[in-house]
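Understanding the architecture of this molecule
Letter by letter, the chains look like this.
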Amino acid sequence: MIGSDDPLDDRKKSQEAKYKMDEERRFKLRARRNKLLALWAAAQMGLDDTAAADFAKEAVMIGLEAPDDTQFIARLCAQTGGIDELRLTEQLPHAEEEADRQIATEFPTALDTDHEQVGG
């Protein structure tokens, strides 16, 4: 039996590909959500477009370093200087919903070229 003809091997490859795709999407979604939240906060602070873009990039980096949303919000709040954690927390689901919509529009198929069909 050739390796690719083994149904268990195909199933394992399929599960690995799905896991990778799901993780990649989660990563993109979280980064986009954090960027959108930061852009919202920047607008609340009255930052110009350049400063807002810089603030959004910084927020994405904070999101990569923060292990969870609570710490992300706390660190972002410290950067805003005037927007409290509750307002940021309340805005988070709206940013996530918009990020999900944007990601689905931009990446309607597999997010990477190495996601190939296995089995049949």
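The coordinates are above.
No experiment lies behind these values; they were computed from the predicted model shown.

1. Remarks on the packing of helix α1 (residues 7-45) against helix α2 (residues 49-65)
At a minimum axis separation of 8 Å, α1 and α2 run at an interaxial angle of 140°. Considering their axes alone, α1 and α2 lie oblique with respect to each other. Read as a crossing pair, α1 and α2 show a hand that is right-handed. Listed contacts from α2 to Phe27, Arg30, Ala31, Asn34, Lys35, Ala38, Leu39, Ala41, Ala42 and Met45 of α1 are Ala52, Ala53, Phe55, Ala56, Ala59, Val60, Gly63 and Leu64. In the contact of α1 with α2, the residues fall into 14 nonpolar, 2 polar and 2 charged.

2. Digging into the pattern of salt bridges
One pass over the structure, following the stated rule, counts 10 salt bridges. Across the pair Asp69 and Arg30 runs a salt bridge, and its minimum N-O distance is 3.6 Å. Taken as a pair, Asp69 in helix α3 (residues 69-80) and Arg30 in helix α1 lie far apart in primary sequence, 39 residues in all. The exposure class assigned to Asp69 is partly exposed, which follows from its relative accessible area of 32%. Exposure remark for Arg30: the relative accessible area of 24% places this residue in the partly exposed category. Glu96 is paired through a salt bridge with Arg33; the nearest N and O atoms lie 3.6 Å apart. Of this pair, Glu96 sits in helix α4 (residues 85-106) while Arg33 is found in helix α1, placing the two residues 63 residues apart along the sequence. Look at Glu96 and you get partly exposed, because its relative accessible area is 34%. Through salt bridges with shared partners, a single ionic network connects Arg30, Arg33, Asp69 and Glu96.

Quick notes on the rules
Residues numbered from 1 in each chain as written. Predicted model: local features only at pLDDT ≥ 70, side-chain atom pairs only at ≥ 80, totals over all residues. Heavy atoms only, no water. Axes fitted to C-alpha atoms, helices over the stretch in contact; angles between N-to-C directions. Helix = DSSP H or I, 4+ residues; strand = E, 2+ residues; numbered from the N terminus. Parallel < 35°, antiparallel > 145°, perpendicular 65-115°, else oblique. Left-handed = near helix turned anticlockwise from the far one by under 90°. Contact = heavy atoms within 4.5 Å. Nonpolar A, V, L, I, M, F, W, Y, C, P; charged D, E, K, R; others polar. Salt bridge = Lys/Arg side-chain N within 4 Å of Asp/Glu carboxyl O. Buried < 20%, exposed > 50% of the residue type's maximum accessible area, 1.4 Å probe, protein only.

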